[in-house]
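Descriptive structure summary
The primary structure of each chain is shown beneath.
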Amino acid sequence: EFAILAPKSTYGNVMAESFKDELKRRHMDLVAEAYYEEGANDFTPEFMSLRNQLLARHLEKISIEKGTEIRGRVSRADSLKYLDSALAVGGLFMPGDAEDIVMLAPQTAFHRIRTQLLGSNGWHSQKVIKDGKQYVTNAIISTSFETDLSSNQWLEFKKAFKTKYNIDPDRVAALGYDAASLVVKVIKEVGDDPVKIGEALRRIQGFNGLSGNVSFDQDNGANTEASIFKISTSGFLRVQ
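For clarity, every value in this text was computed on a predicted model and none was experimentally measured. (Residues numbered from 1 in each chain as written. Predicted model: local features only at pLDDT ≥ 70, side-chain atom pairs only at ≥ 80, totals over all residues. Heavy atoms only, no water.)

Among the secondary structure elements, S215 is positioned in the loop between strand 7 (212-214) and strand 8 (227-232). Residue S215 is classed as buried on the basis of its relative accessible area of 4%. A distance of 2.8 Å separates the side chain of S215 from the backbone nitrogen of G206, its partner in a polar contact. Look past the residues within four positions of S215 in its chain and what remains in contact with it is I204, Q205, G206, A222, N223, T224 and E225. (Helix = DSSP H or I, 4+ residues; strand = E, 2+ residues; numbered from the N terminus. Buried < 20%, exposed > 50% of the residue type's maximum accessible area, 1.4 Å probe, protein only. Polar contact = N/O pair within 3.5 Å; in protein donor to acceptor, adjacent residues only side chain to side chain. Contact = heavy atoms within 4.5 Å.)

Written out as C-alpha cells, the structure is:
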C-alpha cells in the first residue's frame with residue numbers, strides 16, 4: 001500500500017500519475033493522496049487529509065476482520081480516538097524540490113505517519129541531507145542527476161557559471177544547461193521544425209551531460225538512465 005504527497009504543479013502531477021500507473025501495473029494499492037502548493041510553510045491540511053484517508057483504510061480493514069459493515073468515512077469520534085496514534089503505510093511518494101522536502105519530511109514524523117519515504121530528483125541536493133537531518137535518512141529516491149564533480153566538464157562549467165552569476169551552479173543549472181545543449185544539438189541536425197525537433201530529442205541515446213547521462217524512452221520521453229539512491233547521514237548511496 002502506498003500514498004502520494006505531491007506539489008500542485010505540472011511536474012508534481014506528471015510524477016504522481018506515473019507513480020499511480022506503476023502501482024497499477026504491479027497490482028499495488030494507492031490508499032491516500034494529497035497535493036500542496038509549492039513554497040507553502042504550513043502543510044497541516046494535507047497531512048490531516050492523508051491521516052484521514054489512512055485511518056479510513058485502517059478502519060475498513062478492522063471491519064473486514066470483524067465481518068461488520070464497512071464504513072465509507074471517518075467520524076469525528078474515530079478521529080479523536082486515533083488522534084495520537086501512528087498510522088502506517090508501506091511507502092509515501094513525495095516528488096518535491098529540496099526546499100519543500102526539508103519541511104515535509106519532519107512533518108511526516110510529526111503527524112505520526114509511519115512509512116518508507118520515496119522521492120524523485122528534487123531530493124538529490126545537499127540541502128536535503130543538511131537540513132532534513134534524521135528525517136530523510138533511509139529515504140529512497142530515483143534521479144537521473146549524477147554529476148561527476150571532479151570532471152573537467154563540470155569544473156569548467158562551474159568556473160564559467162560563477163564568473164557570470166557569482167554563485168556556484170546547482171542541479172537546476174546543470175539540467176538547464178543540458179536541456180539547452182540538447183535542443184541546440186538537434187536544431188543543428190534537423191532544423192527548426194518543432195515536430196522534427198521533438199522526434200530527434202526522443203531518439204537521444206547516451207548523451208553525456210553535466211547532470212549525467214541521458215537516454216530518452218521513445219514512448220514516454222523519460223530518461224532511462226535514472227538511478228536509485230538511498231539517503232544516509234553521509235550522503236547519497238547508489239543502490240541500483
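Structure shown, so let's carry the discussion forward.
With that out of the way, let us pick up the pairing of strand 8. Here four bridges tie strand 5 (residues 140-143) to strand 8, and the two strands are oriented antiparallel to one another. Across the sheet, residue I140 finds its bridge partner in strand 8, namely K230. Examined bridge by bridge, strand 8 and strand 9 (residues 235-238) share four bridges and lie antiparallel to one another. Looking across to strand 9, one finds that K230 is bridged to L237. (Pairing = 2+ DSSP bridges.)

With that out of the way, let us pick up the nonpolar core. Formed by 33 residues in total, the largest nonpolar core has its most connected members in L5, L50, M94, L104, W123 and I231. Only strand 1 (2-7), strand 2 (30-36), helix 2 (44-66), strand 3 (87-94), helix 4 (98-110), strand 4 (113-119), helix 5 (126-132) and strand 8 provide two or more residues apiece to this core. No other element matches helix 2, which puts five residues into this core. If near-sequence neighbours (up to four positions away) are discounted, I231 is found in contact with W123, V128, I129, V136, T137, N138, A139, I141 and F236. (Core = buried A, V, L, I, M, F, W, Y, C linked by side-chain atoms within 4.5 Å.)

Within this model, the largest pocket holds a volume of roughly 1,700 Å³. Residue lining of the largest pocket: 39 residues in total, with M15, S18, S142, A222 and A226 positioned closest to the centre. Counting residues per element, the ones that place at least two in the lining of the largest pocket are helix 1 (10-25), strand 4, strand 5, helix 7 (171-190) and strand 8. Element by element, the count of residues in the lining of the largest pocket is highest for helix 1, at 10 residues. (1 Å grid on protein atoms, 1.4 Å probe; cavity = no way out; pocket = protein on both sides within 12 Å on 5 of 7 lines; lining within 4 Å. Points joined across faces, edges and corners; volume = space filled by probe spheres on them.)

Further remarks concern the pattern of salt bridges. Considering all chains together, one arrives at 12 salt bridges under this definition. The closest approach of N and O atoms between R57 and E1, which form a salt bridge, is 2.8 Å. Taken together, the residues span a long stretch of sequence, with R57 in helix 2 and E1 in the segment before strand 1 at a distance of 56 residues. On the accessibility criterion, R57 (23% relative accessible area) is partly exposed. By relative accessible area, which is 29% here, E1 ends up partly exposed. (Salt bridge = Lys/Arg side-chain N within 4 Å of Asp/Glu carboxyl O.)

It is worth stressing that arrangement in space is one thing and function is another; only the former is reported here.
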